[in-house]
Structure formats: C-alpha cells, structure tokens
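# Architecture and fold: a report
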Amino acid sequence: MPVVVVESPAKAKTINKYLGDNYTVLASYGHVRDLPPKDGSVDTDNDFDMKWEVASDSKKHVKAIADALAKDNELILATDPDREGEAISWHLQETLTKRKSIKKDTPVSRVVFNQITKKAVTEAMQNPRQVDMPLVEAYLARRALDYLVGFNLSPVLWRKLPGAKSAGRVQSVTLRIIVEREMEIEAFKNREYWTVKALVATPRGQEFEARLTTLAGKKLDKFDIANDTQAEMAVQAITSRDLTVTSVEAKPASRNPSAPFMTSTLQQEASRKFGMGARQTMSTAQRLYEAGHITYMRTDGIDMAPEAVGMARDAITDRFGADYVPKEPRIYKNKAKNAQEAHECIRPTDMTKDAPSLKLESDQAKLYDLIWKRTLACQMESARMERTTVEIGSKDYQVGLRATGQVVLFDGFLKVYEEGRDDVVDDDDKRLPQVSQGDKMDKRAVTPEQHFTQPPPRYTEATLVKRMEELGIGRPSTYASIVTTIQDRDYVRKDGNRLIPEDKGRLVTAFLENYFRRYVGYDFTADLEDQLDKVSAADANYKDVLGRFWTDFSAAIAETSELRITEVLEKINDILEPHLFPPLEDGGDPRLCPNCQKGRLSMRTARSGGAFIGCSSYPECRYTRPFGPPDPEAEASAIPPEGKLLGTDAGDEIRVFKGRFGPYVQRGEVTEENKKPPRQSVPKEWPPEEIDLEQGLMLLSLPREIGPHPEDGVMVWSNIGRYGPYLKHAETTSHRGGTNANLEGIDEVFTVGMNRAVQLLAEKVASRGARGQAAAPLRELGEHPEVGGPINVMKGKYGPYVKWEKINATIPDTIEPEDLTLGQAVDLIAERAAKAGKKIAPAKKKAPAKKAAAKKPAAGKAAPKKKTAAKKPAAKKSAPKAE
C-alpha cells in the first residue's frame, strides 16, 4: 500500500474515505522543518546555505511516516497545491531521505488537487509528477528573506528602541500603511458645508425629496454653501419662488454580478458581513476545504473550471428558472501576477448543496453560504433597473433642484447575493412618483443641513487586505498571518473592527522610515514580491535575488551599529514633531514644559514598551502626558506630577499618583518620619483620573478582613493583587501559604461575605486535586531549542497558555492551541520574559539544572552512592532527546 502524506488529519480522513484500504494516508501536521531561531541559520558567507531543523513536535509525525514506509516502499506527497504545500512536500522528501527511509528504489511522486472530491483525488493519483523545484526555490527565497530581515533587524530595534518586539519584511510595511492612515486622520482639518433639501408634492399629493443643485443661476459645488447664513439665504430663495418640473428622464441600467471569490475578496466580504478577521476566515475556509465542501482557499484566481460553470448554471435553472441564466456563461479573467497562486476561484465542490443541507457548524455554515451564493450569483443574469432623474426649477432659472430614483425591473443575481460595502454611502435606490414636465410642485418643507468633511476611515482587516493587494504587498497565503502578527505584537489594536496603531507601532514605523526607509517602501516590497514570483516561474535564480538584497541590507544594518538610544529618540522626536507638538494658537513654543516653564518636552520610552511625553528637567520636574498630540481636556482631568488631591481623611491628604508601575492612591505625604506612607494600586478597571475620595479610601482599606473561617478559625481576607481581585485564607495577608481564590470583579472585593468566600475557597481546593500534583499539559511541544527545558501547552482558568520553566505566556485568541508550533511558543515565551524583565540565557540556565540534578538523590536519601544517584536523573532526562 503506497503511503500518502497530507498536511492535516482532517484532510487525511477525507482522502482516506476516497482512496480506501489500498493506501495508508498520514498527516505531517504542517511544516516538519524550519530554520532554528539562532544566528547562522542562513549562512550569508556560504552562498546562503540554509540549516534546517526538524521541529520537536514534528519528530513523532516524521517517525510515523518513516515507519509506514518501512512496510510499504512507495511515497505519494499530496500536500496543498501552492508554494507552501510544495515546500512541505520537499521538506518531507529531504527529511525522509536523510533518515534513509527513502531508498534508491523508493518511488516518490507528487500529486495535487484543487478540491477534495473523489473525482479530483482519483484524477490526481492518475497524474503524478515530481516536486516543482522553482516553486520550492521561491519558498526558500521568501523564508531566507524573512529570516534575514527579522533576525537582523529585530535586534536593532531591541537595542535602539526599548519595548519594540520585532520587524518583518512585509509586516513592517503593512504596519506603515496603518500608521500613515492614522496620521492622515490626525492631520485632517474638517471643513463645513451645507446642503438644502426640499420636500415637494405632485399635483396628486405624492411627496418626494429633491436637493438644491442650482442657486442664483449657478450650478452649486460642494462647498458653495459654506455656513448657516448662506444656507438660510438658499432656503429663502427656494421658498420665495414657484417650482415646476422642467424635465423627466428615465434611463435603463444594468448591474453585473461580482467575480467569484479569491482569497483577498473572501476575507474582505467575510469581514464586512460577519466581522470575521482574516485568520478566522482562513481557518474556517480550511475546514470547509478539508471536508471536501469547497475548492482550495489560497488563490489569486477568479476563473472557474468549465464543468463547474455548467454545474452552477444547472443549479440556477433548477432553483430560480431559466430566466436567471444568461445565454452565454460568464468568463472571468485572472489578474494574478503570480501563476503559482492563481488556482481556480474559491467555490463549492457541489453547486446543488446549500448550507442547510450540509448541517455545518455556525461559522462554517455562514462562510459556506457566502461562497455558495457568490458562486451562483457570478453565473446569473444581470439585474435590470430604471434610473429616473427629475429636474425642478423656477421660471427665472435662479433655483434648480434634482431628485433621483431607481427601481429594479428584474432582480437577476440580486435574488441570491449582493456584495457588501466597506463604508456606507447615500443611495438613490428609491422609487419616484409619476410626474410630467410642467407639473407644478407644492413645497411642503425646505430644510438646510449642516455637514463637515470626514477624515479617511481607519482600515478594517478587509480594507487593509484590499490595500495590500493594490500595492502588491504579500500574497494570498500570507495576508492573514501578516494582519494577525502586527496585532499579536501589540503594534496595532482593534477598536470594533477598525485597526488603530499603538505607540509601539508608531515608534517602530518612525524608526524604520528614518533608518531603513528603502525596506519599508511600498515599491521596494512589491518589486521584491515580483522577483520572487519570477523565481517561482523559473525566470530568476533565487540566490541571485538573495545576494542583491543582502548586499544593501547588511550595509544598512551596519550603519546603525554606532547609533545611541538618545540620538534615535531625538530623531524620532523631530520626525513626529508635527504630530506630538503642533503649533500653539498663541504662537508660543509647543515644546516648552507647561509645568516648570523651563524644561523642553520630548518623547520618552517606558520599560513596558510604551511611550510618553516628559520634561527634560526630570527628576526636578515630573511632568508627563500621554504619547500623542496635547489634549487640553484630558490634561485638565489628568494626574499632575505632584498627584491629584482627592480630599482629606482624619487629617491626611488622599492623593492619586502616576507611578512607575502604574497609578496608586496614597495617604499622607512622604516625610523623613514617614518614608513609606500607606499606598494601594489602582485596579485597571478604574480610570485613575476619575477616582474620587470614597474610592480612594476603599482602596486604602485593603486588605479587607472578612472574618475567621468557620471550619478552622483562620482568617479570610479579600484584596486586589497583581492578577486581579482574590480571596486569601491564611493567618496574615503576607503569609506565603494558605489558599487563594479568584473573585469575579473589583466590587466583590468590598462586598463578598463569608458564605460566598467559603464556597469559592472550597471550589479552589477541589479543583487543585491532590496537594502538590502537577497539572497535565494539553500538549507537549518539546524542548526549548536554545536553552532546553520542556515547553508545554497548559489549561488555565482564563484560557490555554504556554509554560516553560517559571514563565507562563498567554496564547493569543488568533491562534488555536492545537495549531501552535514550537517556534510560535518560543516567541511567546520570549515576549513574556521581556515584559517581565527576565532574560533567557543559556549558560545561566544550564548550570543550576546540573546542580539540582546532583543534589536531588542526596536530599531524598534514596541511593547509597551519590555518584550513581546523580547520574540516573541525567540519563532519564536525555532519553526523550535521543528519540
């Protein structure tokens, strides 16, 4: 039985159903090898030689495939039909050859199918080929470029811009798009303008609205009515004149359906209609593809196979009748630059099956329904309309109004599907009453309306992907991961469905635009994508592309080696000055400190990675304000350097301060006699600027004594800690032992009673199980590639997290725990360690481990000989590594 390898177990299950017992179908679980995250993985001095490493969590999958090949000496690589799929096949072939699982007489073939149906899989098996090396080389070039940029540029950011996390070849350019849009919005000056509408009625009393288009005999432009005075004059001009219909024009119009989906348009439409992010859309589409319901979902193509067109036309006829089927099939031409990405459009594999008939999960049902409707619509008749324009005027031609309307005569494709819009605009899809030229219009109401021009809208994930596509940045296989990465790095946040750059994102973009301008240029990035497309088409040598890039890029990196942080920050101050320090109305110096009137304001970076505006006279002057333009209203309510006075209690001033580790309330002043007055951190749920005296005193009363536990008499307390509100059952609040249990909200800290506290503490003890028993991991990812030690996915109260040594890192919502790779886990751990101010150093980590191993038997007194006892744990530890 030949061994067939695909990426995922879901895909393996579907294919196994079609191939039957004559084949062994196994999953590789994605990429099996990657470049280790360390120096030298791409050897720039040795013709860009790449050193690959089998991921720890992939070893067992590679072993399973190798074991199967030992029994059946034929390998069929059936990974996805794109560059990534080709790369996985190549990696598998290379890895299995090195293991000697592929021998000289082992037949190895590559098969591809665009949809997982019995017919497609059977045809693919009858038409095998070899791995497409130009496609693999395009992957190698991209992977090497991403490594060279990320591994060389990210450390520059860490050293020169505290708090910055990483830079990427396409990620940084995408971030620039969002930052530039935000700066456009901030620089935008709105402009007032007015429009005037009249509610008029026909001789038969039918009402409709018309807008003013001509005034004083002149056609109006957008800003011609600039204020309320001019608007009122326009109203008077209309009300003082009789109006009649001067012309009625009805024109036929048609509207054609949109092309079927490709990757970017599917992501855009899913965002518009369902609010789905790019990652969620692709994950859902992947499940539909692997179940055999739709064609491959990473494509730049919009053409449809002839048999699929026929199926769509038959399905339209059966459901809606022959009138909805055009005489000739609609043909959509590909506009993809890269042939390897231009597979068939995304469509259902069976046009007769709608979403309800498949009984899918909620997200899958919504997305399938969208794809099914768009596919049928693209092969349906055009919608036919009649657009009517009615012109109304005065006899002296001084005033003119216009009403427009539209009626649908035949709905055509609109019966099934209408494309969403990113930003809603006024629509004229309304029916006008029957009127004739010369009819007198009765003026029922004339209304002026004030407007202001609006800044360009912030990007959504949908409009961002559209913009990336327009600029030629990224490809279908990378859109989702790029958009997700800049959010995971905290460079961008989502507000509703709009993307807003964080301080870190602005700083990184300013730094890169100043010191690496070429590499965040839209044209440069698009040109590099074009070069990589030529590699995949066998029209360019990938090592030549790498060589040209590295020559210039390495020189740019070297130029930054002597930069000092203060120099970098001052440069960014200058770049962002129009944004951070706009001119004052009184003509004063916008960078003069308003607190001490001596120091100069400039941007500072915090250890947490954020940024703020501070005074150069620190520590004498402690004035700060948030990063961004000055906001007088916010500053009026903000906390001044000397703290904000909330009131007095028992003769003590109660103030709220902004501290190095966050806001806090304090009783009294710091004096020689009282160097540490009572303090309590302000919980993040309470805006510090809005805290009043009552809340301040509530915080200062913590920890709150609830009372002795009814079972053992030991005290129960409620408090707010680093991780939120909690209960403590211990002799004192500072006692390290005892039992802690989380509370649901801040208010409960001050209201929880003994009965509720006893219940929560009992639940906590029960959930822990046996004392000292370690929780079992959800997944074991393997050893940390740099410093050793197991990395596991654990189950937590607030969701799954990654654990290594004493570092716990939350897994972002955008990543499914079962999809998390070792490389992603290492990144998450590194980010968490950086936030906590911890260093992951190989030398320091390994030395204590040996001592602990040596002392363990002696402490347990389990072995008569210390030497023998010390060796046993070491042998056990190395055993899994040997596998």
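Residues numbered from 1 in each chain as written. Predicted model: local features only at pLDDT ≥ 70, side-chain atom pairs only at ≥ 80, totals over all residues. Heavy atoms only, no water.

## A few points about the overall build of the protein chain
When helices and strands are counted, the protein chain shows 25 helices and 32 strands. Put simply, of all contacts in the protein chain between residues at least 6 apart along the chain, 65% involve residues at least 24 apart. Summed over its atoms, the accessible surface of the protein chain is roughly 46,100 Å², and 49% of this surface lies on carbon and sulfur atoms. (Helix = DSSP H or I, 4+ residues; strand = E, 2+ residues; numbered from the N terminus. Contact = heavy atoms within 4.5 Å. Areas by Shrake-Rupley, 256 points an atom, 1.4 Å probe, with all protein chains shown as cover.)

## Concerning the pairing of strand E16 (residues 492-495)
With four bridges joining them, E16 and strand E17 (residues 498-501) adopt antiparallel strand pairing. Paired with Asp495 across the bridge in E17 is Arg498. Adjacent in sequence and paired antiparallel, E16 and E17 are bridged by two residues, among which Gly496 carries a positive phi angle near 70°. (Pairing = 2+ DSSP bridges.)

## Regarding the environment of Trp717
Relative to the helices and strands, Trp717 resides in strand E26 (residues 715-721). The exposure class assigned to Trp717 is buried, which follows from its relative accessible area of 15%. Sequence-wise, Trp717 and Thr732 are 15 residues apart; in three dimensions their C-alpha atoms are separated by 8.5 Å. A polar side-chain atom of Trp717 sits 3.2 Å from the main-chain carbonyl oxygen of Ala730. (Buried < 20%, exposed > 50% of the residue type's maximum accessible area, 1.4 Å probe, protein only. Polar contact = N/O pair within 3.5 Å; in protein donor to acceptor, adjacent residues only side chain to side chain.)

## Regarding the sheet that holds strand E29 (residues 779-783)
Within the open sheet, the four strands sit side by side as E29-E30-E31-E32. Their pairing is antiparallel. Since the sheet does not close on itself, it has two edges, and those belong to E29 and strand E32 (807-810), each with one partner. Neighbour-to-neighbour, the strand axes of the sheet open up by a mean angle of 20°, direction not taken into account. Where strand E31 (residues 801-804) and E32 come together, four bridges link them in antiparallel fashion. Its bridge partner lying in E32, Tyr801 is registered against Thr810. (Axes fitted to C-alpha atoms, helices over the stretch in contact; angles between N-to-C directions.)

## Quick look at the sheet that holds strand E27 (residues 724-729)
In space, the four strands of this open sheet follow the order E25-E26-E27-E28, with antiparallel pairing throughout. Across the chains shown, the open sheet's two edge strands, defined by having one partner strand only, are strand E25 (704-708) and strand E28 (739-742). Going from strand to strand, the sheet's axes swing by 25° on average, the running direction of each strand aside. Note: E27 against E28, four bridges, orientation antiparallel. Counterpart to Leu727 in the pairing with E28 is Ala741.

## Focus on the nonpolar core
Of all hydrophobic cores here, the largest spans 96 residues; its most connected members are Leu161, Phe511 and Phe516. Tallying contributions element by element places helix H5 (residues 133-160) first for this core, with 13 residues. Formed by 61 residues, the second largest nonpolar core is a distinct cluster that contains Ala12, Ile302, Val309 and Ile316. (Core = buried A, V, L, I, M, F, W, Y, C linked by side-chain atoms within 4.5 Å.)

## Structural notes on the pattern of salt bridges
Tallied over the entire structure, the rule returns 48 salt bridges. Where Asp533 meets Arg142, a salt bridge forms, and the shortest distance between an N and an O atom there is 3.5 Å. Placement of Asp533 in helix H16 (residues 522-536) and of Arg142 in helix H5 is noted, with a sequence separation of 391 residues between them. On the accessibility criterion, Arg142 (6% relative accessible area) is buried. With a closest N to O distance of 2.8 Å, Arg518 and Asp552 form a salt bridge. In this pair, Arg518 is assigned in the loop between helix H15 (503-515) and H16 and Asp552 in helix H17 (residues 542-559), connecting sequence segments 34 residues apart. Overall, the relative accessible area of 43% leaves Arg518 in the partly exposed class. (Salt bridge = Lys/Arg side-chain N within 4 Å of Asp/Glu carboxyl O.)

## Here we look at empty space enclosed by the protein
Enumeration over the complete set of coordinates arrives at two cavities of 30 Å³ or more. Here the largest cavity is characterised by a volume of approximately 40 Å³. Looking at the lining of the largest cavity residue by residue, the classes come out as five nonpolar, two polar and one charged. Its boundaries defined by the atoms lining it, the second largest cavity holds a volume of some 30 Å³. (1 Å grid on protein atoms, 1.4 Å probe; cavity = no way out; pocket = protein on both sides within 12 Å on 5 of 7 lines; lining within 4 Å. Points joined across faces, edges and corners; volume = space filled by probe spheres on them. Nonpolar A, V, L, I, M, F, W, Y, C, P; charged D, E, K, R; others polar.)

## Regarding the packing of aromatic side chains
Within this structure, the stated rule accounts for 18 aromatic pairs. Plain terms: the ring middles of Tyr519 and Phe524 are 5.2 Å apart, the flat faces sit at 80° to each other, and that makes the pair edge-to-face. Considering the side-chain rings of Phe657 and Tyr664, the 5.4 Å spacing of their centres and the 15° angle between planes classify their relative orientation as stacked. Tyr664 gets classed as buried once you look at its relative accessible area, which sits at 16%. (Phe/Tyr/Trp six-rings, centres within 6.5 Å; stacked < 30°, edge-to-face > 60°.)

## Things to note about unusual backbone geometry
A cis amide bond, omega 10°, links Tyr618 with the succeeding residue Pro619. Looking at the secondary structure, you find Pro619 in the loop between strand E19 (611-615) and strand E20 (624-626). The linkage connecting Leu702 with the following residue, Pro703, adopts the cis geometry, with an omega of 0°. Within the secondary structure, Pro703 sits in the loop between helix H20 (693-700) and E25. The phi torsion at Tyr29 lies on the positive side, around 60°, for a residue other than glycine. Along the chain, Tyr29 turns up in the loop between strand E2 (24-27) and strand E3 (33-34).

## Side note on the confidence of the model for the protein chain
In this model, the protein chain carries an average pLDDT of 86, and 90% of its residues clear a pLDDT of 70 or more. Low pLDDT, under 50, characterises residues 843-883; the predicted model gives this stretch 13 contacts beyond four residues in sequence or across chains. (pLDDT = per-residue confidence, 0-100.)

## Considerations on the pairing of strand E18 (residues 601-605)
Summarising burial for E18: four of the five residues are buried, a large majority. For E18 and E19, the ladder comprises five bridges, and the chain directions are antiparallel. Within the sheet, the bridge partner assigned to Arg604 lies in E19 and is Phe612.

## Structural notes on helix H10 (residues 306-320)
Here H10 is 15 residues long and its end C-alpha atoms lie 21 Å apart, about the 21 Å a rise of 1.5 Å per residue gives. For H10, every residue scored as buried is listed here: Ala308, Val309, Ala312, Arg313, Ala315 and Ile316. Buried residues along H10 cover an arc of 165° about the axis, so they all sit on one side. Turned more than 90 degrees away from the buried face of H10, the exposed residues are Pro306 and Asp318. Buried residues along H10 sit in contact with helix H12 (362-377). Just downstream of H10, Gly321 is the residue with a positive phi angle, here 100°. (Expected span 1.5 Å × (residues − 1). Arc of directions from axis to C-beta.)

## Some remarks on the packing of helix H13 (residues 461-471) against helix H14 (residues 479-488)
Remark: H13 packs on H14, axes separated minimally by 11 Å, with the N-to-C direction vectors making an angle of 120°. With respect to H14, the axis of H13 lies oblique. The way H13 lies across H14 gives a crossing that is right-handed. Each of Glu461, Leu464, Val465, Met468 and Glu469 in H13 lies in contact with H14, whose residues at this interface are Tyr479, Ile482, Val483, Ile486 and Gln487. (Parallel < 35°, antiparallel > 145°, perpendicular 65-115°, else oblique. Left-handed = near helix turned anticlockwise from the far one by under 90°.)

## Some points on H14
In terms of burial, H14 is a largely internal element, seven of the ten residues being buried. Residues of H14 that are buried make contact with helix H6 (171-187), helix H8 (263-274), helix H9 (278-290), H13, E16 and E17. Downstream of H14 by one or two residues, Asp490 has phi in the positive range, about 65°.

## Some details on the side chain of His91
Tracing the sequence through the fold places His91 in helix H3 (residues 83-98). Side-chain polar atoms of His91 contact the side chain of Arg33, separated by 3.0 Å. Filtering out sequence-adjacent residues up to four positions away, His91 remains in contact with His31, Val32, Arg33, Trp52 and Tyr139.

## Brief notes about the environment of Asp242
Looking at where Asp242 falls in the secondary structure, it is placed in the loop between helix H7 (228-239) and strand E12 (243-255). Sequence separation between Asp242 and Val399 is 157 residues; the distance between their C-alpha atoms is 9.7 Å. With residues near it in sequence (within four places) discarded, Asp242 still touches Gly393, Ser394, Lys395 and Lys443.

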